[in-house]
Amino acid sequence: MTTAVVVGSGPNGLAAAIRLAQQGVRVRVLEARETIGGGTRSGELTLPGLIHDDCSAFHPTGVASPFLRSLGLEEYGLRWLWSQVELAHPLDSGAAGVLWRDVDRTAELMPPADGRTWRRVFGRLSSRFDRLAEDVLRPVPHVPGSPLAFAEFGAQALLPASWTSRRWSGEQARALFGGAAAHAFSSLRTPFSSAIGLMLIAVGHAHGWPVAQGGSQAITTAMARLLERLGGTVETGVEVRELDQLDRPDLVLLDTGPQAAVRILGNRLPHRTARAYRRYRYGPAAFKVDLAVEGGVPWADEHCRSAGAVHLGGTFEEVAAAEEATFRGRMPRRPFVLVGQQYLADPSRSVGDLHPVYAYAHVPHGYRGDATEPVLDQIERFAPGFRTRVRARSVRTVARMRSDNANHVGGDIVGGANTVRQLVLRPRLAVDPYATGVPGVYLCSAATPPGAGVHGMAGFHAAESALRWLAKR
């Protein structure tokens, strides 16, 4: 019987394992930590009973993922939940950009001309998103299944976010788009920096930004249950340092970063691949602050009180300046901050009137400072009186981000810098980006296409590459 070992139990590692098991491969997943999930874990970080997500929190690409949707994970305990408002982006003027799943409702809060442009840009993208997902959630160089939709998206995605933002004159639409684009952890002035913003808003209109009931851990728990039903196994507390630790399986899939792959594979790795993996670039970091807040956050804007996710950074220009600084290695005075109010969709995460609030700031790669106060300042800026409601907090520094998850190199939680080259050709220039050059060994982490997100598509595509190799052997 064909055997495989998957190193790492994040969503991509589990997706790879499931795909192989579906094809009759006997699979073992080895996880260094005592709990599975990678960045998709949850736990009590502030006060007993309050459930916080460790890293990933909102899952628009998870609910839209062609592979995850095919698995029927609801049978294994996964339940998606949505807040009333998907996303809000408040401004100092008192207005806010507000994203509903309904494109028209979103556009209605904007000036008429901006609303019409919003409908033109995102109406078509969101209505076609399920067809488009097959193409955008895979390596960029490929023959598209929906060529017209992919070409239309690609033409817009190629532009810098700073150019795309000029399609709107009002601050609400510009800021709403800019906050979504900032999820790239990159400069908003470079080519392709519109891509992530366009995709996150389009999928938000198509599927929303849901959370998993009980915490993001529920996603990987459901995946592990399915894998076990398919005959696979998961072992925790097993750190793989080198390939010789494994019992000569037919396939090895690494849900690790390129640098870890170099360490594990050693001299087996072809020189050109090893050089490319060592040169792989990582981007800005996340500095996370989890809070126990009595009565919730007292947002000045009413829509923020119903929004699962809230982006804090002010105008598009302010967000772009903060992202440029972090990308260049400078800590901005007012960093871009994402606030998560997952409990609005999932009240089971709260205890009475005490609610878990999730927040992280974009900070420079490897940042050694303490960004707690800048995070709290940004929340207080748009929610006066917020600090008086905080009952407990837990801080996860950049160094701790790295120690808690080896894939978060320098605190980078998206698996690598989203430079033009790495957006198109991550992790290296190759016909098969998942192949390491070592026979039967494949990389399946967020450092491979399509990049970050709880969608499992990197794992799925890596497994498909491995299965093709097996068929030719």
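So, here is what we can say about the structure in this document. Given the structure is predicted, the values throughout are model-derived calculations rather than measurements. (Residues numbered from 1 in each chain as written. Predicted model: local features only at pLDDT ≥ 70, side-chain atom pairs only at ≥ 80, totals over all residues. Heavy atoms only, no water.)

Description of the pattern of salt bridges
Working step 1: A full pass over the atoms with the stated rule returns 26 salt bridges.
Working step 2: One salt bridge in this structure joins R387 and E373, with 3.0 Å as the shortest N-O distance. Of the two residues, R387 sits in the loop between α15 (372-382) and β15 (390-396) while E373 sits in helix α15, which places them 14 residues apart along the sequence.
Working step 3: Judged by its relative accessible area of 37%, E373 falls in the partly exposed class.
Working step 4: Taken together, the salt bridges that share partners define one network made up of D54, R396, R400 and D404. (Salt bridge = Lys/Arg side-chain N within 4 Å of Asp/Glu carboxyl O. Helix = DSSP H or I, 4+ residues; strand = E, 2+ residues; numbered from the N terminus. Buried < 20%, exposed > 50% of the residue type's maximum accessible area, 1.4 Å probe, protein only.)

Details of the environment of D255
Working step 1: Along the chain, the position of D255 falls in the loop between β10 (251-254) and α12 (258-265).
Working step 2: In the structure, D255 is positioned 249 residues away from V6 in sequence and 7.1 Å away in space, judged by C-alpha atoms.
Working step 3: Contacts of D255, omitting those with residues within four sequence positions, involve V7, G8, S9, G10, N12, G13, N407, C444 and S445.
Working step 4: There is a polar contact of 3.3 Å between the side chain of D255 and the backbone nitrogen of G10.
Working step 5: Engagement of the side chain of D255 in a polar contact is seen with the backbone nitrogen of G13, the distance being 3.0 Å. (Contact = heavy atoms within 4.5 Å. Polar contact = N/O pair within 3.5 Å; in protein donor to acceptor, adjacent residues only side chain to side chain.)

Examining helix α14 (residues 316-327)
Working step 1: Helix length check: α14 (twelve residues) gives 16 Å between terminal C-alpha atoms against 16 Å at 1.5 Å per residue, within 8%.
Working step 2: Most of α14 is tucked away: nine of the twelve residues are buried.
Working step 3: Here α14 has its buried residues at F316, V319, A320, A322, E323, E324, A325, T326 and F327.
Working step 4: Those residues of α14 that are buried lie in contact with β6 (85-90), α8 (161-164), α9 (171-181) and β14 (354-363).
Working step 5: Just past α14, the residue G329 takes up positive phi, approximately 90°. (Expected span 1.5 Å × (residues − 1).)

Description of the packing of α9 against helix α10 (residues 195-207)
Working step 1: Where α9 meets α10, the closest approach of the two axes is 7 Å, and the angle between their N-to-C directions is 105°. The angle between α9 and α10 places the two elements in the roughly perpendicular class. The residues of α10 that touch α9, namely those facing L176, F177, A180 and A181, are I196, G197, L198, L200 and I201.
Working step 2: When its residues are assigned to classes, the contact of α9 with α10 shows eight nonpolar, one polar and no charged. (Axes fitted to C-alpha atoms, helices over the stretch in contact; angles between N-to-C directions. Parallel < 35°, antiparallel > 145°, perpendicular 65-115°, else oblique. Nonpolar A, V, L, I, M, F, W, Y, C, P; charged D, E, K, R; others polar.)

Focus on the packing of aromatic side chains
By convention here, two paired aromatic rings are described through the distance between centres and the angle between planes.
Working step 1: Evaluated as defined, the whole model comprises eight aromatic pairs.
Working step 2: A centroid spacing of 5.7 Å and a plane angle of 40° characterise the contact between W168 and F177, whose relative ring orientation is tilted. Across the pair, F177 and W168 agree in class, each one buried.
Working step 3: A ring pair is formed by F185 and Y360, whose centres lie 6.3 Å apart and whose planes are at 15°; its orientation type is stacked. Separated by 175 residues along the polypeptide, F185 in the loop between α9 and α10 and Y360 in strand β14 bring together distant segments of the chain. Taken as a pair, F185 and Y360 share a single burial class, namely buried.
Working step 4: Among the aromatic side chains, those forming a connected cluster through ring pairs are W118, F122, W168 and F177. (Phe/Tyr/Trp six-rings, centres within 6.5 Å; stacked < 30°, edge-to-face > 60°.)

Things to note about the nonpolar core
Working step 1: With 96 residues, the main nonpolar core has L20, V27, W118, F122, F177 and L253 as its most contacted residues.
Working step 2: Contact partners of V27, with chain neighbours within four places excluded, come to A4, V6, A17, L20, A21, G232 and T233.
Working step 3: Listed in part, the 31 residues of the second largest apolar core include W100, L312, V337 and A371. (Core = buried A, V, L, I, M, F, W, Y, C linked by side-chain atoms within 4.5 Å.)

Points about the packing of helix α5 (residues 112-127) against α10
Working step 1: Look at α5 against α10: their axes get within 8 Å of each other, and the N-to-C directions meet at 70°. Between α5 and α10, the angle falls in the class roughly perpendicular. Here W118, V121, F122, L125 and S126 of α5 lie close against α10, whose contacting residues are L198, I201, A202, H205 and A206.
Working step 2: For the contact of α5 with α10, the residue count by class is eight nonpolar, two polar and no charged.

Some words on the sheet that holds strand β9 (residues 233-236)
Working step 1: Spatially, the five strands line up as an open sheet ordered β9-β2-β1-β10-β16, and their pairing is parallel. Looking at which strands have only one partner, the edges of the open sheet turn out to be β9 and β16 (441-443). Taking each pair of neighbouring strands and ignoring which way they run, the sheet shows an average axis angle of 20°. (Pairing = 2+ DSSP bridges.)

Brief notes about the sheet that holds strand β12 (residues 307-312)
Working step 1: Read from one edge of the open sheet, seven strands run β7-β6-β12-β13-β14-β11-β15, paired in mixed fashion. The open sheet is flanked by β7 (96-99) and β15, the only strands paired with a single partner. When the angles between neighbouring strand axes are averaged without regard to direction, this sheet yields 20°.
Working step 2: Across three bridges, the pairing between β6 and β12 is parallel. Bridge pairing in β12 links L87 to A309.
Working step 3: In the packing of α9 onto the sheet, contacts are made with β6, β7 and β12, and the angle to β7 comes to roughly 60°.

Considering unusual backbone geometry
Working step 1: With an omega of 0°, the peptide bond running from R426 to P427 counts as cis.
Working step 2: Turning to its location among the elements, P427 is positioned in the loop between α17 (420-425) and β16.
Working step 3: For the peptide bond that leads from P449 to P450, omega is 10°, which places it in the cis range.
Working step 4: Structurally, the position occupied by P450 is in the loop between β16 and α18 (457-472).
Working step 5: The backbone phi angle of F185 is positive, close to 55°, even though this residue is not glycine.
Working step 6: The backbone phi angle of F192 is positive, close to 75°, even though this residue is not glycine.
Working step 7: Within the secondary structure layout, F192 lies in the loop between α9 and α10.
Working step 8: The class of F192 is partly exposed, set by a relative accessible area of 23%.

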